[in-house]
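Structural overview
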Amino acid sequence: MLTTLKETWASLQDLKYGEKIVVKTVRQCIWYWSQYFIVLALITWILIIAVVTYFTPQLSKIVNDKLPDVDIAIKDGLVESSVPQPYIFKDKSNFAFVLDTNGKPEDLNDYDSGLIILKDKVVAKNQPNETRIYELKDVKDFYVDKEVITSWIKKNTTKLWGIVVIAITILGVFLSIIFWAWNLGGYAGWAVVLWLVSKLLKGNLDFANSFKLVVFAAVLPTIISAFSIFSNNGFANYLTTGLLLFYALAWMWNLRYIQPNGKQ
């Protein structure tokens, strides 16, 4: 990676560095950019795991503070509760949790989304016109309240941490692969633009070499994008696009008449 960093520093200072880029293979150029992508992905994963590690021991307290004091028992497929009904808990997003064994599914009509527990079924509303009904007749008998939930969380904190870490890792790998391929697809699109510009300038730069230049030029924008991902500053998008085009075009300008095989 140290060699890659040195090459990045050298390339950003030399607007004629395209001569060294086009003699590389496409695979070498993709791997050059991918090293930064992998490092940034690993840093992101570490930061997320650090946050999970910090909050997991506090989860039982958070649940105890946020969870409403509701006890629910299911016996022979029917709901029982000592809470005065109807019990309604709603938040600012117009989501509602309703416990009413004498209620009906239409009681959720006044809310954008929510969950209502009836005598023999649970109704979930995700969108204004989308509801799902879950019958309780096949549910095994159980009892749950806030104390049961917080006690279970305390006893299984390590297990919960492991489950969350594994889930985040699997999801992270999956999303990283998609994002990696998506970015390369985007660079291929910019390579087409660079190739067309070369043709307008009467150059002989082919698509493969255009793609190499774009991938090399994408390193600095990738780093900047990673550090600005949590900001809503639209300037970062313009900056990264501008830097990619600047270096790709600058390197291409000095290769206007380069032959496809990389020789002058």
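All values reported here derive from a predicted model rather than from experimental measurement.

**Overview of the environment of Gly203**
Position of Gly203 relative to the elements: it lies in the loop between α6 (157–200) and α7 (207–217). Sequence-wise, Gly203 and Ile49 are 154 residues apart; in three dimensions their C-alpha atoms are separated by 49 Å.

**Some details on α7**
Among the 11 residues that make up α7, 9 are buried, leaving the element largely enclosed by the rest of the structure. Those residues of α7 that fall on the buried side of the exposure criterion are Asn209, Ser210, Phe211, Lys212, Leu213, Val214, Val215, Phe216 and Ala217.

**Focus: the sheet that holds strand β1 (residues 72–75)**
Within a sheet, each strand pairs with its neighbour through backbone hydrogen bonds, oriented either parallel or antiparallel. Pairing within the open sheet is antiparallel, and its 3 strands lie in the order β2-β1-β8. Looking at the sheet topology across the chains shown, the edges are occupied by β2 (78–80) and β8 (142–144). Strand after strand, the sheet turns through a mean of 20° between neighbouring axes, direction not considered.

**Comments concerning unusual backbone geometry**
That bond from Gln85 to Pro86 is cis: its omega, 0°, falls within 30 degrees of zero. By secondary structure assignment, the location of Pro86 is in the loop between β2 and β3 (87–90).

**What to know about the packing of helix α3 (residues 26–55) against helix α8 (residues 219–227)**
The contact between α3 and α8 brings their axes to 10 Å, and the two run at 10°. When the axes of α3 and α8 are compared, the pair comes out roughly parallel. Of the residues in α8, those touching α3 at Tyr32, Trp33, Tyr36 and Leu40 are Val219, Thr222, Ile223 and Ala226. When its residues are assigned to classes, the contact of α3 with α8 shows 7 nonpolar, 1 polar and no charged.

**Notes on α6**
Taking 1.5 Å of rise per residue, the 44 residues of α6 would be expected to cover 64 Å, and the 63 Å separating its terminal C-alpha atoms lies within 8% of that figure. Of all the positions in α6, only Leu160, Gly162, Val165, Asn183, Leu184, Tyr187, Ala191, Leu194 and Ser198 are classed as buried. At the C-terminal side of α6, Lys202 shows a positive phi close to 65°.

**Some words on the packing of α3 against α6**
With their axes 10 Å apart at the nearest point, α3 and α6 run at an angle of 150° to one another. Classified by the angle between their axes, α3 and α6 sit roughly antiparallel to one another. As α3 runs across α6, the sense of the crossing is right-handed. Here Ile30, Trp33, Ser34, Phe37, Ala41, Trp45, Ile48, Ile49, Val52 and Thr53 of α3 come into contact with α6, specifically with Trp161, Val164, Val165, Ile168, Thr169, Ser176, Phe179, Trp180, Asn183, Leu184 and Tyr187.

**Observations regarding the confidence of the model for the protein**
For residues with low pLDDT, the predicted coordinates do not support detailed interpretation. Of all residues in the protein, 92% have pLDDT values of 70 or greater, and the mean over the chain is 83. This stretch, residues 259–264, has a pLDDT under 50; its non-local contacts, to residues over four places away or in other chains, come to 9 contacts.

Reading the values: the criteria
- Throughout, a residue's number is its position along its own chain's written sequence, starting from 1.
- Local features in this predicted model are restricted to residues whose pLDDT is 70 or higher, and side-chain atom pairs enter the listing and the counts only when it is 80 or higher, whereas totals over whole chains, interfaces and linings include all residues.
- Side-chain measures here rest on the full set of heavy atoms in the structure, leaving out hydrogens and waters.
- Helix and strand assignments come from DSSP, with helices taken as H or I runs of at least 4 residues and strands as E runs of at least 2, each series counted from the N terminus.
- Any residue under 20% of the maximum accessible area for its type is buried, any over 50% is exposed, and the rest in between are partly exposed; the area is computed with a 1.4 Å probe on protein chains only.
- We treat two strands as partners when DSSP finds at least two bridges between them.
- Lines fitted to C-alpha atoms define the axes here, with helix axes fitted over just the stretch in contact, and angles between the N-to-C directions of these axes take values from 0 to 180 degrees.
- Small angles under 35 degrees read as roughly parallel and large ones over 145 as roughly antiparallel, with 65 to 115 read as roughly perpendicular and the rest as oblique.
- When checking whether two residues touch, look at their non-hydrogen atoms; a contact exists if any pair is within 4.5 Å.
- Classification convention: Asp, Glu, Lys, Arg as charged; Ala, Val, Leu, Ile, Met, Phe, Trp, Tyr, Cys, Pro as nonpolar; all other residues, Gly among them, as polar.
- Given the number of residues in a helix, its expected span is that number minus one, multiplied by 1.5 Å.
- By definition, turning the near helix anticlockwise from the far helix through less than a right angle yields a left-handed crossing, and turning it clockwise yields a right-handed one.
- Confidence scores here are pLDDT values: one per residue, from the predictor, ranging 0 to 100.

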